[in-house]
Structure formats: C-alpha cells, structure tokens
Amino acid sequence: IASRYTPRPVVVLCGPGNNGGDGFVVARYLNRAGWPVRVALLGVVHDLAGDAALNARRWQEIEGVGKIEAMEPETLDGAALVVDALFGAGLSRPLDGEAKAVIEAIAHGNLETIAIDVPSGIHGNTGQVLGIAAQAALSVTFFLKKPGHLLFPGRGVCGEVVVLDIGIMGDVLETIKPKASENGPALWGKRFPWADYSDHKYSRGHGVVGGGTVMTGAARLAARAAQRIGAGLV
C-alpha cells in the first residue's frame, strides 16, 4: 500500500477472523509510517481469538490512536482509502447485516479499496459474487492465487493482484494436491516445440483452414494464428 499511495486518511475494516487480524497488522504498520488510520471491527474485540486477538491488542496499545470503532457505513466518512479485511477467500455465504451495508456503501461511494486476500463477497474457489462485493484497486493475497482471483466475475472485482510470500513452504502443495493451474507461458512454455536449426516446413506441421466466402473473419484469424505459431504450411 505504501509503495502505491501517498499517506492519506485510511479506514481499515476488520472481520472477526484471521483476515481481520491481518487488518490490525496493516493498521499498525501504516500508523507507524505516519498515516492517519482508523479501525472498525465487525463484532466485539473480546470474541477474537488467536493471532487476530493478539494483533487487535497490539493496535489498542498504541497510545492516542488505538481505538476500535463499531462497524457501520458511517465509519467510512472522511476515508480516502479503505482496507477491506472483513472476509477472505474462505467466505461461503452471502454478506448480510452491517458487513453488507458497509460493502454497499463502499461500492456506491466508489471508494478506493485495498482487499486483503480477496474482496469481501467473492467466493475464493469460484469467483462468484456472494450477493455483493466492492471493486478493489488492489488485492493482496498470500502464497498462491486462488481460483477466485482468476475466474470471472471475481477476476474483474479483484483489480491488481499481488501475491506475497509469508513463509508457507512449497511442500504443502503435496498435501493440498491442487488440480488447477493458472494458464500462462510458465505452465507450458518448456513443452512448446520451439524450432531449431534443423527444422523445415515439413517438420513443423501443416494447418488447413476451411471457411465460407462471405463470413471470412474467423478463417483469416485462424490462418494468421497458425502462421504466427510456426506452422510449416498454412
């Protein structure tokens, strides 16, 4: 956040779980960097557990600024930037109550928003919008992207996606055994039949495109694609 924005009034919206705990960390670090920061919590601080409770307490211990406000749309008043740390990729039900009201207020106000993990309201596995989600300018996630970062409509709501290393070891994938990969050159580039000095048009395969005499656009696009990919004859 600090590398993309100049200091400005920011409101950090913290949920009741680990995503909210991340929000308290963001608030503390931005405050340390001289940003004017306010924090609002969905729920009550006494119900927090684990790292979320620890980091809420660290925020409260900051003299003069460590207040935790109740979550409501009015919390957004005066904010030039919002950090959405309400719910992460594990959300499986539509937003309701104050969480829904606040996300609606962000969406209707077109407030610049940074999402922790995914924008609240986006299903991490499918990219579907669970009722409502606010457009994010930036989504900061951890270890690997989730399907919801890549599948529409979630892909369009996440904005720029930055993946950060938080110390999760790569061998955890042996336990998770993911069955999906993000498409891109890194996935298949090593298996692409790159031409070498001994190749010629008869070793590069032939492409035949059949089309009509009126609607010729698709045929021409296919022919150009075959040429660009390196077919020996089109």
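Details of the structure are given in the entry above.
K.L.:
Just to check I follow, could you spell out helix 1 (residues 18-32) for this structure?
P.N.:
Helical geometry: 3.6 residues make up each α-helical turn, so side chains three or four residues apart lie on a common side. Under the 1.5 Å per step criterion, the end-to-end length of helix 1 is 21 Å for 15 residues, consistent within 8% with the ideal 21 Å. Residues of helix 1 that are buried include every one of N19, G20, G21, G23, F24, V26, A27, R28 and L30, and no others. If you follow the buried residues of helix 1, they end up packed against strand 1 (10-14), strand 2 (37-41), helix 2 (50-60), strand 3 (68-70), strand 4 (81-85) and strand 5 (113-116). Taken from the residues just after helix 1, G34 is the one with a positive phi, measuring 95°.

K.L.:
Looking at this structure, how should I read the environment of E69?
P.N.:
Structurally, E69 is set in strand 3. Note: C-alpha distance between E69 and V44 (25 residues apart in sequence) is 9.6 Å. Contact partners of E69, with chain neighbours within four places excluded, come to R38, V39, A40, L41 and T75. A polar atom in the side chain of E69 sits 3.0 Å from the side chain of R38.

K.L.:
Is there a simple way to explain the side chain of H123 in this structure?
P.N.:
Along the polypeptide, H123 turns up in the loop between strand 5 and strand 6 (138-142). Judged by its relative accessible area of 18%, H123 is buried. Residues in contact with H123, not counting those within four places in the same chain, are A89, L91, S92, Q128, L130 and G148.

K.L.:
Is there a simple way to think about the sheet that holds strand 4 in this case?
P.N.:
Whether parallel or antiparallel, the strands of a sheet pair through hydrogen bonds between backbone atoms. Spatial strand order, 3-2-1-4-5-6-7: seven strands in an open sheet with parallel pairing. Of all strands in the sheet, those bounded by a partner on one side alone are strand 3 and strand 7 (160-164). Neighbour-to-neighbour, the strand axes of the sheet open up by a mean angle of 25°, direction not taken into account. In this sheet, strand 3 lies alongside strand 2 in parallel orientation, the contact comprising three bridges. Bridging across to strand 3, A40 finds its partner in E69.

K.L.:
Would you mind showing me how to read the pattern of salt bridges here?
P.N.:
Proximity of charged atoms lets side chains of opposite charge pair with each other. Within this structure, the stated rule accounts for six salt bridges. The partner of R4 in a salt bridge is E160, and the shortest N-O contact between them spans 2.7 Å. You can see R4 sitting in the segment before strand 1 and its partner E160 sitting in strand 7, a full 156 residues away along the chain. Classification of R4 by relative accessible area gives partly exposed; the value is 41%. A salt bridge links K145 to E182; the shortest N-O distance between them is 3.2 Å. With K145 in the loop between strand 6 and helix 4 (147-150) and E182 in the loop between helix 6 (173-176) and helix 7 (185-188), this pair connects stretches of sequence that are 37 residues apart. Since its relative accessible area comes to 34%, K145 is described here as partly exposed.

K.L.:
Sorry if this is basic, but what is going on with the environment of F192 here?
P.N.:
Topologically, F192 is positioned in the loop between helix 7 and helix 8 (217-229). Taking the relative accessible area as the measure of exposure, F192 reaches 21% and is therefore partly exposed. When the C-alpha atoms of F192 and I229 are compared, they prove to be 10.0 Å apart, with 37 residues separating the residues in sequence.

K.L.:
Can you help me understand the nonpolar core in this one?
P.N.:
Nonpolar side chains tend toward joint burial in soluble globular proteins. In this structure, F24, V37 and V39 are the most contacted members of the largest nonpolar core, which totals 27 residues. Only strand 1, helix 1, strand 2, helix 2, strand 4, strand 5 and strand 6 provide two or more residues apiece to this core. Residues in contact with V39, not counting those within four places in the same chain, are V12, C14, F24, A27, W59, K67, I68 and E69. Grouped together as the second largest cluster of nonpolar side chains are 18 residues, V11, L86, I103 and L130 included.

K.L.:
For this particular structure, what's the right way to read a nonpolar patch on the surface?
P.N.:
Where nonpolar side chains cluster on the molecular surface, the patch consists of L144, L173 and I176 and spans about 240 Å² of accessible area. The topology assignment puts L173 in helix 6.

K.L.:
Help me understand the environment of T141, please; the structure alone is not making it clear to me.
P.N.:
Locating T141 in the fold gives a position in strand 6. Residue contacts for T141: discarding those within four places in its chain leaves D117, K146, H149, V161, V162, V163 and L164.

Here is what the cut-offs are and how they apply
- Residues numbered from 1 in each chain as written.
- Predicted model: local features only at pLDDT ≥ 70, side-chain atom pairs only at ≥ 80, totals over all residues.
- Heavy atoms only, no water.
- Helix = DSSP H or I, 4+ residues; strand = E, 2+ residues; numbered from the N terminus.
- Expected span 1.5 Å × (residues − 1).
- Buried < 20%, exposed > 50% of the residue type's maximum accessible area, 1.4 Å probe, protein only.
- Contact = heavy atoms within 4.5 Å.
- Polar contact = N/O pair within 3.5 Å; in protein donor to acceptor, adjacent residues only side chain to side chain.
- Pairing = 2+ DSSP bridges.
- Axes fitted to C-alpha atoms, helices over the stretch in contact; angles between N-to-C directions.
- Salt bridge = Lys/Arg side-chain N within 4 Å of Asp/Glu carboxyl O.
- Core = buried A, V, L, I, M, F, W, Y, C linked by side-chain atoms within 4.5 Å.
- Patch = residues over 30% accessible without salt bridge, like charges linked within 9 Å, V, L, I, M, F, W, Y side chains within 5 Å.
- Areas by Shrake-Rupley, 256 points an atom, 1.4 Å probe, with all protein chains shown as cover.

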